[in-house]
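# Secondary and tertiary structure notes
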Amino acid sequence: MAPSLFKLVQEIKEENSPQYLNNKKQTSPEPINYKWWICIIMYAFFVIFGQSASTLLGRLYYEKGGKSIWVATLAQLAGFPILIPSYCLAPKSCSKNRQIQQPSALILALVYFSFGICLAAYSLMYSIGLLHLPVSTFSLICASQLAFNALFSFFLHSQKFTPFIINSLVLLTISSSLLIFQTDPASYTKVSKGKYAIGFLCTISASAGYGLMLSLTQLSFKKLLKGETHAKVFEMVIYQSLVATSAAIIGLFTSGEWKGLSIEMEEFELGKFSYAMTLIETAIASQFFVVGAIGLIFKVSSLFSNAISVLGLPVIPILAVIFFHDKMDAIKAIAMVLAIWGFVSYVYQCYLDNKSSKSEYRSGSEVSKSPLLEEVS
């Protein structure tokens, strides 16, 4: 009996030893962070829903008689006041017990001002592109933003280019480039070839600006806006949108387009009420998109945020064919397939990185987070 009792005591001591507990912790499966995944799914839904709705509503504005590019730009930016209650209710302090040094008010003001001007600039170029291009063509060109974002991430975040990532970038680049060679872009009867070229260049430039903006936003979260609260997301959206809205209002009055707004409202095919509701709904949908995009940068990375945005782009040409009777010719169909293929290639690389990280965790080695799914801390 004594030897058995002695053996039992020894086993209990071994099980409670630091070495045993450490080995057990290393070999145990990684716990699933359900709260984190819920946030990711919510932000991804915001991006896809907001992007599709704002693009279609923007096209509806032009289709039914809207002519002002500054009003279209303002509609993308001016919806930020609806976020103020959420910002006030969101917790401002970090959940971790560590002191985080925040940048000075002057630095933050410069960051938000710079981001706001960039936001106004590429929103204006998107408005010009949407005015001169069919919705389906516009959305497929926008897929190039993932390639631009990956390029900027390579320089700003030391993004690793694996074969699948390179494949993804090449496919997305070809997808956008194919649309240059459409046999008759002017078959979209309301637009000349010259305006089509302007729309194409503005959309490409806006996509490049958007890709740069996402990379810089991730950099600001890493270096300046430290902390792990959702208030940081709302704070960035509200302040940069305030600057961008102010710039759009200045542009509206400087250009003189404000003088024709009353006539534009009178001549809008769906009526005055529908005119106002189209702009209001565009503003709300745009805020869903911006909050989702910046939220994904905050939780994951700029490249992942852009990939989710590209995932939603193939939905828009299909809806454009249904609601605006856009032509889906062979070149557009091939471009859409290549865009989806490029996105799938990117997602597969994310899967491989995530699987590799889990294997390293279970083997007891230090967890190295995926370069594509690196959570911003």
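Residues numbered from 1 in each chain as written. Predicted model: local features only at pLDDT ≥ 70, side-chain atom pairs only at ≥ 80, totals over all residues. Heavy atoms only, no water.

### Some thoughts on helix H4 (residues 69-77)
Operational definition: To sort residues, take the accessible area from a 1.4 Å probe on protein chains only and compare it with the maximum for the residue type: under 20% means buried, over 50% means exposed, and anything in between is partly exposed. By definition, any uninterrupted DSSP run of H or I lasting at least four residues is a helix, any uninterrupted run of E lasting at least two residues is a strand, and each is numbered from the N terminus. Here, residues are in contact when the closest pair of their heavy atoms is within 4.5 Å.
With 8 of 9 residues buried, H4 lies mostly within the body of the structure. When we look at burial in H4, the residues that qualify are Ile-69, Trp-70, Val-71, Ala-72, Thr-73, Leu-74, Ala-75 and Leu-77. On the buried face of H4, the contacting elements are helix H3 (34-63), helix H6 (105-132), helix H11 (231-255), helix H12 (261-267) and helix H13 (272-299).

### Thoughts on the packing of aromatic side chains
Which entries qualify depends on this criterion: Pairing of aromatic side chains requires ring centres within 6.5 Å, counting the rings of Phe and Tyr and the six-membered ring of Trp. Pairs whose planes differ by under 30 degrees are stacked, by over 60 edge-to-face, and all others tilted.
This structure, assessed with the given rule, holds 17 aromatic pairs. Measuring from ring centre to ring centre gives 5.2 Å for Tyr-112 and Tyr-239, while their planes differ by 40°; the resulting arrangement is tilted. Separated by 127 residues along the polypeptide, Tyr-112 in helix H6 and Tyr-239 in helix H11 bring together distant segments of the chain. According to the relative accessible area criterion, Tyr-112 is buried, its value standing at 7%. For Tyr-239, a relative accessible area of 35% gives the class partly exposed. Among the aromatic side chains, those forming a connected cluster through ring pairs are Tyr-122, Tyr-126, Phe-138, Tyr-210 and Phe-289.

### Some points on the confidence of the model for the protein
Detailed reading of the predicted coordinates is not advisable wherever pLDDT is low. Test applied: Scored from 0 to 100, pLDDT records how confident the predictor is in each individual residue.
Looking at the protein, the pLDDT average stands at 78 and 79% of residues meet or exceed 70. Of all helices and strands in the protein, the one with the weakest mean pLDDT is helix H1 (residues 2-16) (44), whereas H4 scores best (94). In the model, residues 1-16 has pLDDT below 50 throughout and makes 4 contacts with residues more than four positions away in sequence or in other chains. Note that pLDDT drops below 50 for residues 24-30; the model gives that stretch 10 contacts with residues more than four away or on any other chain.

### Comments concerning the nonpolar core
For clarity, the cut-off: Among buried residues, those of type Ala, Val, Leu, Ile, Met, Phe, Trp, Tyr and Cys that are joined through side-chain atoms within 4.5 Å constitute a nonpolar core.
In terms of nonpolar packing, the biggest core is built from 88 residues, with Tyr-61 and Val-291 touching the most fellow members. If we skip the residues at most four places from it in the chain, Val-291 touches Tyr-43, Phe-46, Leu-83, Val-233, Phe-234 and Val-237.

### Comments concerning the pattern of salt bridges
To keep things clear, this is the line we draw: A side-chain nitrogen of Lys or Arg and a carboxyl oxygen of Asp or Glu constitute a salt bridge if their distance falls within 4 Å.
Tallying each qualifying case throughout the model produces 2 salt bridges. Note that Lys-272 is salt-bridged to Glu-266, the shortest N-O span being 2.8 Å. Exposure remark for Lys-272: the relative accessible area of 45% places this residue in the partly exposed category.

### A word on the packing of H6 against helix H10 (residues 193-223)
Here is the rule we go by: Each axis is a line fitted through C-alpha atoms, and for a helix only the stretch in contact is used; angles between axes span 0 to 180 degrees, taken between their N-to-C directions. Oblique is the label for every angle not falling under 35 degrees (roughly parallel), over 145 degrees (roughly antiparallel), or within 65 to 115 degrees (roughly perpendicular). Put simply, a crossing is left-handed when the front helix is turned counterclockwise from the back one by less than a right angle, and right-handed when it is turned clockwise. For this scheme, ten residues count as nonpolar: Ala, Val, Leu, Ile, Met, Phe, Trp, Tyr, Cys and Pro. Four count as charged, namely Asp, Glu, Lys and Arg, and the remainder, Gly too, count as polar.
It is the contact of H6 with H10, at a shortest axis distance of 8 Å, that shows an interaxial angle of 150°. Here H10 runs roughly antiparallel to H6, going by the angle between their axes. For the crossing formed where H6 meets H10, the hand is left-handed. Split by residue class, the contact of H6 with H10 holds 14 nonpolar, 9 polar and 1 charged.

### So, H3
Let me state the cut-off plainly: How far a helix is expected to stretch is found by multiplying one less than its residue total by 1.5 Å.
The terminal C-alpha atoms of H3, which comprises 30 residues, lie 43 Å apart, in line with the 44 Å expected from a rise of 1.5 Å per residue. The positive-phi residue at the C-terminal boundary of H3 is Gly-65, with phi of around 125°.

### Things to note about a nonpolar patch on the surface
To be explicit about the condition: Like-charged residues are merged into a patch within 9 Å and nonpolar side chains (Val, Leu, Ile, Met, Phe, Trp, Tyr) within 5 Å, provided each residue has over 30% relative accessible area and no salt bridge. To measure how exposed things are, a 1.4 Å probe is used in the Shrake-Rupley method; for residues, cover is taken only from the protein chains shown.
Taken together, the side chains of Leu-151, Phe-154, Phe-155, Leu-156, Phe-161, Ile-166, Val-170, Ile-174 and Leu-212 present a nonpolar region at the surface, about 760 Å² in accessible area. Among the secondary structure elements, those contributing two or more residues to the nonpolar patch are helix H8 (145-156) and helix H9 (163-178). At 4 residues, the largest contribution of residues to the nonpolar patch is made by H8. Here Phe-155 lies in helix H8. By relative accessible area, Phe-155 is classed as exposed at 60%.

### Let's talk about the environment of Ser-274
Relative to the assigned elements, Ser-274 resides in helix H13. With a relative accessible area of 25%, Ser-274 lands in the partly exposed category. A C-alpha to C-alpha distance of 9.6 Å links Ser-274 and Tyr-61, two positions 213 residues apart in sequence.

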